[in-house]
Amino acid sequence: MSANRDIALFLDMMAAERGAAFNTLEAYRRDLDDIAGRLAARGTALSDASTADLEAMLAGLASDGLSASTAARRLSAMKRFYRFLLSDGRRTDDPAAALKGPKKGRSLPKVLSEADVDALFDAAGRIEGANGVRTRALMEILYAGGLRVSELVSLPLNAFVRAERCIHVTGKGGRERLVPLTPNALEAVDAYRAVRETHLPPDAGRAKRAQRFLFPSRTAKSGHMTRERFAQILGDLAVAAGLDPAKVSPHVLRHAFATHLLARGADLRSVQMLLGHADVSTTQIYTHVLDERLKTLVQTAHPLARGSGGD
């Protein structure tokens with residue numbers, strides 16, 4: 001049976017039994033077609049390949065300059081495909097079972113500079129009316145507290161505790177934490193409270209649900225502002241601030257919060273607690289960002305890095 005036929009049967013199974021979306025199926029098709037072509041060039045059929053054939057094919061990906069993430073995706077497609085052949089009785093073994101993909105280096109998070117963040121706040125300050133007041137409150141809480149966007153938009157109205165100097169946040173896995181806010185953030189929230197009702201739904205039934213949230217929505221079924229709506233607001237701010245909106249996101253601002261704190265002398269454990277990370281190893285990625293910045297600074301600004309122009 002041809003490789004095309006086996007791939008088609010595999011994709012049918014993924015669609016019928018796994019409910020795979022069209023884009024997912026097309027990604028599997030492209031990966032398996034590429035694998036089949038590479039094996040065919042070695043004189044091996046896709047459905048008949050041995051573990052040694054697949055190992056050699058994966059090694060070829062690296063020599064062709066394909067990234068580790070691409071090789072990992074090809075391997076994932078192979079593992080699913082050969083498990084399907086085994087379960088369907090088309091093979092009596094799984095040649096991909098013992099294969100391990102290339103190690104992918106952990107990418108460093110994208111971070112905005114303090115000047116970039118200032119530009120975003122300046123842009124927010126130029127927005128007039130109730131929307132401008134709400135935008136400033138959103139930005140102040142996000143950057144002052146390093147919240148995840150889902151935590152920000154779903155903040156309950158009663159999140160403020162201890163004379164409103166902190167907010168009570170429920171994060172991933174139901175983990176709770178207290179996040180202190182800056183005076184600027186508290187002032188922005190106070191100003192926003194005065195216009196908050198303008199963002200409530202006109203319908204009494206929907207308004208009752210929305211009333212529970214600090215940032216209610218007039219249209220969202222959840223009752224609060226959606227992640228997508230805040231991302232749109234932030235994208236508009238980036239444009240107004242002269243920044244590339246593709247490089248500005250709620251999570252990038254969370255990264256900026258962490259790296260700016262560490263750069264100003266905050267200890268790693270405190271930043272871990274503020275971010276709501278379960279393990280400090282997750283927070284340590286931000287020290288790597290600072291290390292990279294320090295290396296760049298030394299390479300570009302240190303006198304000895306400028307060549308041997310002197311004695």
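Described in the following lines is the structure provided in the data block. Just so you know, these numbers come straight off a predicted model, no measurement behind them.

Examining the overall build of the protein
At step 1: Each helix and strand counted, the protein has 14 helices and three strands in total.
At step 2: A burial count over the protein gives 42% of its 311 residues as buried.
At step 3: Once local pairs closer than 6 in sequence are excluded, the contacts in the protein between residues at least 24 apart make up 56%.
At step 4: In the form shown here, the protein has an accessible surface area of approximately 17,100 Å², with 51% of it arising from carbon and sulfur atoms.

Digging into a positive patch on the surface
At step 1: Together, Arg206, Arg209, Arg212 and Lys221 line one region of the surface with positive charge.
At step 2: As for its placement among the helices and strands, Arg209 is situated in helix H9 (residues 204–210).
At step 3: On the accessibility criterion, Arg209 (44% relative accessible area) is partly exposed.

Considering the packing of aromatic side chains
At step 1: By the definition in use, this model includes six aromatic pairs.
At step 2: By the ring-pair criterion, three or more aromatic residues cluster together here, those being Phe10, Tyr28, Phe81, Tyr82 and Phe84.
At step 3: The ring of Phe160 carries Arg193 above its face, with NZ or CZ at 5.1 Å from the centroid.

Here's the deal with the packing of helix H2 (residues 22–41) against helix H4 (residues 68–87)
At step 1: At a minimum axis distance of 9 Å, the contact between H2 and H4 shows a crossing angle of 90 degrees. The angle between H2 and H4 falls in the class roughly perpendicular. Taking contact as the criterion, the partners of Tyr28, Asp31, Leu32, Asp34, Ile35 and Leu39 in H2 are, on H4, Arg73, Arg74, Ala77, Met78, Arg80, Phe81 and Tyr82.

Re the side chain of His199
At step 1: Looking at the secondary structure, you find His199 in the loop between helix H8 (183–193) and H9.
At step 2: Taking relative accessible area as the criterion, His199 reaches 7% and is therefore assigned buried.
At step 3: Among the polar contacts made by the side chain of His199, one reaches the side chain of Arg134 at a distance of 3.3 Å.
At step 4: Among all residues touching His199, those that are not within four sequence positions of it are Ala130, Asn131, Arg134, Tyr192, Pro216, Ser217 and Arg218.

Focus on helix H3 (residues 51–63)
At step 1: Taking 1.5 Å of rise per residue, the 13 residues of H3 would be expected to cover 18 Å, and the 19 Å separating its terminal C-alpha atoms lies within 8% of that figure.
At step 2: Among all positions of H3, only Asp53, Leu54, Met57, Leu58, Gly60 and Leu61 are buried. With its buried residues spanning 150 degrees around the axis, H3 presents them on a single face. Projecting away from the buried face of H3 at angles above 90 degrees are the exposed residues Ala52, Ala62 and Ser63.
At step 3: At its buried positions, H3 is contacted by H2 and H4.
At step 4: Looking at the residues trailing H3, positive phi occurs at Gly65, about 85 degrees.

Some words on the packing of helix H1 (residues 3–17) against H2
At step 1: It is the contact of H1 with H2, at a shortest axis distance of 10 Å, that shows an interaxial angle of 155 degrees. Here H2 runs roughly antiparallel to H1, going by the angle between their axes. For H1 against H2, the interelement crossing comes out right-handed. For the pair H1 and H2, the contacting residues are Ala3, Asn4, Ile7, Phe10, Leu11, Met14 and Ala15 in the first and Leu25, Tyr28, Arg29, Leu32, Asp33 and Ala36 in the second.
At step 2: In terms of residue class, the contact of H1 with H2 is made up of ten nonpolar, one polar and two charged.

Conventions and cut-offs
Residues numbered from 1 in each chain as written. Predicted model: local features only at pLDDT ≥ 70, side-chain atom pairs only at ≥ 80, totals over all residues. Heavy atoms only, no water. Helix = DSSP H or I, 4+ residues; strand = E, 2+ residues; numbered from the N terminus. Buried < 20%, exposed > 50% of the residue type's maximum accessible area, 1.4 Å probe, protein only. Contact = heavy atoms within 4.5 Å. Areas by Shrake-Rupley, 256 points an atom, 1.4 Å probe, with all protein chains shown as cover. Patch = residues over 30% accessible without salt bridge, like charges linked within 9 Å, V, L, I, M, F, W, Y side chains within 5 Å. Salt bridge = Lys/Arg side-chain N within 4 Å of Asp/Glu carboxyl O. Lys, Arg positive; Asp, Glu negative; His and termini not counted. Charge placed at Lys NZ, Arg CZ, Asp CG, Glu CD. Phe/Tyr/Trp six-rings, centres within 6.5 Å; stacked < 30°, edge-to-face > 60°. Lys NZ or Arg CZ within 6 Å of the ring centre and 35° of its normal. Axes fitted to C-alpha atoms, helices over the stretch in contact; angles between N-to-C directions. Parallel < 35°, antiparallel > 145°, perpendicular 65-115°, else oblique. Polar contact = N/O pair within 3.5 Å; in protein donor to acceptor, adjacent residues only side chain to side chain. Expected span 1.5 Å × (residues − 1). Arc of directions from axis to C-beta. Left-handed = near helix turned anticlockwise from the far one by under 90°. Nonpolar A, V, L, I, M, F, W, Y, C, P; charged D, E, K, R; others polar.

These results come straight from atomic positions and should not be treated as a statement about function.
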